[in-house]
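Residue-level listing of the chains:
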Amino acid sequence: MRDKDSLYLAAGDSAKDLIEEHALRQRAGLPGAFLDHRMLLSEYEISRAGALLSPGSADADPMQLASGLLKVAVGRGARLFEGEATAFDSAAHSVGVQMKDGYTIEARHVVLATGYVMPEIVKATVQKPSSSWAIATRPQPDNIWRDAALIWEDSKDYLYARSTKAGRIIIGGEDSDEIIEPEARDALIADKADALTKRLAALWPRAKLDIEFRWAGTFDTTSDGLPLIGPVPDHSGVYAAYGYGGNGITFSYMAAQLICGAIAGQHSPLLEDFALDRDGT
Ligand SMILES: Cc1cc2nc3c(=O)[nH]c(=O)nc-3n(C[C@H](O)[C@H](O)[C@H](O)COP(=O)(O)OP(=O)(O)OC[C@H]3O[C@@H](n4cnc5c(N)ncnc54)[C@H](O)[C@@H]3O)c2cc1C
């Protein structure tokens with residue numbers, strides 16, 4: 001895990017929206033600075049109308065992070081099973097989880113966290129899956145922008161750029177909420193990788209466009225931008241955590257806090273904002 005600043009770039013010709021966003025963040029007490037075109041160019045060598053620079057972000061290798069967390073859980077007594085859950089049966093004091101291989105797992109509380117594929121018992125209407133494409137260059141550690149800040153853009157389907165410890169540049173975006181099926185999504189990898197390579201060249205002309213990896217993934221978004229976290233209505237003992245959008249790290253942490261709290265009998269007003277059966281209109 002590496003502490004990082006984040007750089008939120010203006011997507012169009014004007015930085016007007018970013019100046020408004022900066023004022024809102026200041027009013028909410030959030031730290032950060034507005035960089036105009038000239039400051040952004042001189043400090044980051046990036047040519048955009050402006051940017052918001054914020055402290056307090058971080059990046060990590062997600063595979064290492066996930067396996068590290070699982071190791072800690074196992075160290076504390078968790079048991080891991082690989083398998084596909086097919087049905088859930090809530091009784092008065094326990095929940096039965098039916099597995100595809102014929103076994104049933106019984107637990108006092110069950111937390112669903114199956115990504116963009118929701119089991120039928122979750123009836124959320126605000127949920128919407130979205131696909132995203134990404135590429136990674138070969139390592140070029142001498143060629144990374146200042147402080148390897150986490151770059152993203154002020155637009156709905158934003159472009160983002162990251163680096164890895166070895167100095168690869170990762171750039172992603174080109175999202176679509178229409179192409180979700182894995183086959184159709186993956187068939188677009190070559191075209192989307194070309195588009196992303198062009199966008200990398202425009203964003204960071206110093207980059208060597210030597211692309212080693214290209215991939216696609218699907219994740220869950222919601223129509224109101226808030227996650228779906230909390231008890232599953234009409235299924236006592238079952239909780240769910242979905243709809244993180246591009247904020248998997250932030251919302252998954254909140255989900256862990258809120259669901260542990262709910263199981264322990266604490267109520268947070270956030271559970272109303274994140275309710276699975278809310279009307280997102
Ligand atoms: C290309 C891309 C880039 C992203 N970049 C970022 C980023 O920079 N920062 C950020 O914070 N977020 C990012 N996200 C979003 C983030 O990846 C997701 O929010 C996060 O992975 C969701 O975590 P999850 O554990 O809820 O679901 P997932 O990671 O989707 O995991 C769900 C798991 O459940 C399993 N599963 C599904 N159904 C069943 C079943 N019936 N039985 C058993 N298992 C089942 C699946 O196989 C899967 O392993 C990105 C997403 C994509 C696609």
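Residues numbered from 1 in each chain as written. Predicted model: local features only at pLDDT ≥ 70, side-chain atom pairs only at ≥ 80, totals over all residues. Heavy atoms only, no water.

## Things to note about the confidence of the model for the chain
The following threshold applies: Here pLDDT means the predictor's own confidence in every residue, given as a number from 0 to 100. Under the scheme used here, helices are H or I runs from DSSP no shorter than 4 residues and strands are E runs no shorter than 2 residues, and both carry numbers assigned from the N terminus.
Across the chain, the average pLDDT comes to 95, with 100% of residues at or above 70. Across the chain, the secondary-structure element scoring lowest on mean pLDDT is strand β4 (residues 85–90), at 94, and the one scoring highest is strand β2 (residues 33–36), at 98.

## Comments concerning the site of the ligand
Short version of the rule: Put simply, a residue is near a molecule or strand once any heavy atom of it comes within 4 Å of that molecule or strand. Under this definition, polar contacts are N or O atom pairs within 3.5 Å; protein pairs additionally need one hydrogen-donor-capable and one acceptor-capable atom, and for neighbouring residues in sequence, both atoms have to be side-chain atoms. Accessible areas in this description were obtained via Shrake-Rupley with a 1.4 Å probe; residue shielding takes into account the shown protein chains only. Side-chain classes follow a simple rule in which Ala, Val, Leu, Ile, Met, Phe, Trp, Tyr, Cys and Pro form the nonpolar group, Asp, Glu, Lys and Arg form the charged group, and the remainder, Gly included, forms the polar group. Each domain's limits were defined by an automated method or a database of domain assignments.
Contacts to the ligand come from 17 residues, most closely from A85, R162, G246, G248 and I249. The contact in question runs from a nitrogen atom of the ligand to an N or O atom on the backbone of A85, over 2.9 Å. Within the backbone of G246, a nitrogen or oxygen atom sits 3.2 Å from a nitrogen atom of the ligand. A total of 1000 Å² of accessible area belongs to the ligand in isolation, and the protein chains cover 56% of it. Breaking the shell around the ligand down by element, the ones donating at least two residues are β10 (160–163), β12 (211–222) and α6 (248–263). Among the elements that make up the shell around the ligand, the one with the highest residue count is β12 (three residues). Classifying every residue of the shell around the ligand by side-chain character gives six nonpolar, nine polar and two charged. Looking at which domains feed residues into the shell around the ligand, each of domain 1 (2–61 + 127–222) and domain 2 (85–126 + 224–273) supplies at least three.

## Some remarks on the pattern of salt bridges
Stated precisely, the cut-off is as follows: The rule for a salt bridge is simple: a side-chain nitrogen of Lys or Arg has to be within 4 Å of a carboxyl oxygen of Asp or Glu. Each residue's exposure class comes from its accessible area (1.4 Å probe, protein chains only) as a fraction of the maximum for that residue type: buried when under 20%, exposed when over 50%, partly exposed otherwise.
Going through the model one piece at a time under the given rule, you end up with 17 salt bridges. Across the pair K100 and E84 runs a salt bridge whose closest N-O atoms are separated by 3.8 Å. With K100 in the loop between β5 (95–99) and β6 (104–107) and E84 in the loop between α3 (62–75) and β4, the pair connects residues that are 16 residues apart, well separated along the chain. Accessibility expressed as a relative area gives 60% for K100, which makes it exposed. A relative accessible area of 47% places E84 in the partly exposed class. When salt bridges with common partners are traced through the structure, they connect R48, E153, E174, K192 and R199 into a single cluster.

## A short note on the nonpolar core
Which entries qualify depends on this criterion: We define the nonpolar core as a collection of buried residues of types Ala, Val, Leu, Ile, Met, Phe, Trp, Tyr and Cys that are connected through side-chain atoms lying within 4.5 Å of one another. Contact between two residues is taken to exist if any of their heavy atoms lie within 4.5 Å; hydrogens are not considered.
By size, the foremost hydrophobic cluster in this structure holds 28 residues, and its most contacted members are L7 and I46. Looking at this core, the elements that each hand over two or more residues are β1 (2–9), α2 (37–44), β3 (50–59), β8 (127–137), β11 (169–176), α5 (189–203) and β12. Contacts of L7, omitting those with residues within four sequence positions, involve L35, L40, Y44, I46, A51, L52, L53, A149, L150, I151 and W152. One finds F88, V95, L228 and V238 within the second-largest nonpolar core, a separate group that totals 17 residues.

## Digging into α6
In an α-helix, one full turn covers 3.6 residues, which means residues spaced three or four apart are oriented alike. Note the cut-off: Residue count minus one, scaled by 1.5 Å, sets the expected span of a helix. Arc definition: directions from the helix axis to the C-beta atoms.
For α6, built from 16 residues, the straight-helix expectation of 22 Å at 1.5 Å per residue is met to within 8% by its first-to-last C-alpha distance of 22 Å. For α6, the complete set of buried residues consists of F251, A255, L258, I259, G261 and A262. Along α6, the residues classed as buried sweep out an arc of 155 degrees about the axis, all on the same side. Those residues of α6 that are exposed and aimed more than 90 degrees away from the buried face are I249, Y253 and C260. Packed against the buried residues of α6 are β7 (110–112), β13 (228–231), β14 (238–242) and α7 (270–273). One or two steps after α6, the chain reaches G265, where phi turns positive at roughly 95 degrees.

## Quick word on the sheet that holds β7
By way of backbone hydrogen bonds, the strands of a sheet pair with one another, either parallel or antiparallel. As a reminder, the rule being used: Strand pairing is assigned whenever DSSP detects at least two bridges linking the two strands. Every axis corresponds to a line fitted to the C-alpha atoms, with the helix fit spanning only the stretch in contact, and the corresponding angles, defined between N-to-C directions, vary from 0 to 180 degrees.
Taken in spatial order, the three strands make up an open sheet running β7-β14-β13, and their pairing is mixed. Where the open sheet ends on each side, the last strands, each with one partner, are β7 and β13. Neighbour-to-neighbour, the strand axes of this sheet turn through a mean angle of 15 degrees, independent of strand direction. Examined bridge by bridge, β7 and β14 share three bridges and lie parallel to one another. Following the sheet pairing, L112 is matched in β14 by A240. The strands touched by α6 within the sheet are β7, β13 and β14, with β14 carrying the most contacts at an inclination of about 165 degrees.

## Concerning the packing of aromatic side chains
Our working definition: Only Phe, Tyr and Trp rings are paired, with Trp represented by its six-membered ring, and only when their centres lie within 6.5 Å; those with planes under 30 degrees apart are stacked, over 60 edge-to-face, the remainder tilted.
A full pass over the atoms with the stated rule returns four aromatic pairs. Seen in terms of ring centroids, W145 and W204 are 5.8 Å apart; in terms of plane orientation they differ by 80 degrees. Their pairing is edge-to-face. Residue W145 is located in the loop between β8 and β9 (150–153), and its partner W204 is located in the loop between α5 and β12; the two are separated by 59 residues in the primary sequence. The residues W145 and W204 share a single accessibility class, namely buried.

## Concerning the sheet that holds β1
With mixed pairing, eight strands are arranged side by side in an open sheet as β2-β3-β1-β9-β10-β11-β8-β12. This sheet does not close on itself; its edge strands, each paired only once, are β2 and β12. Strand-to-strand twist in this sheet, taken as the mean axis angle between neighbours without regard to direction, amounts to 25 degrees. Where β8 lies against β12, 11 bridges are found, and the strand directions are antiparallel. Across the sheet, the residue bridging to W133 is A216, located in β12.

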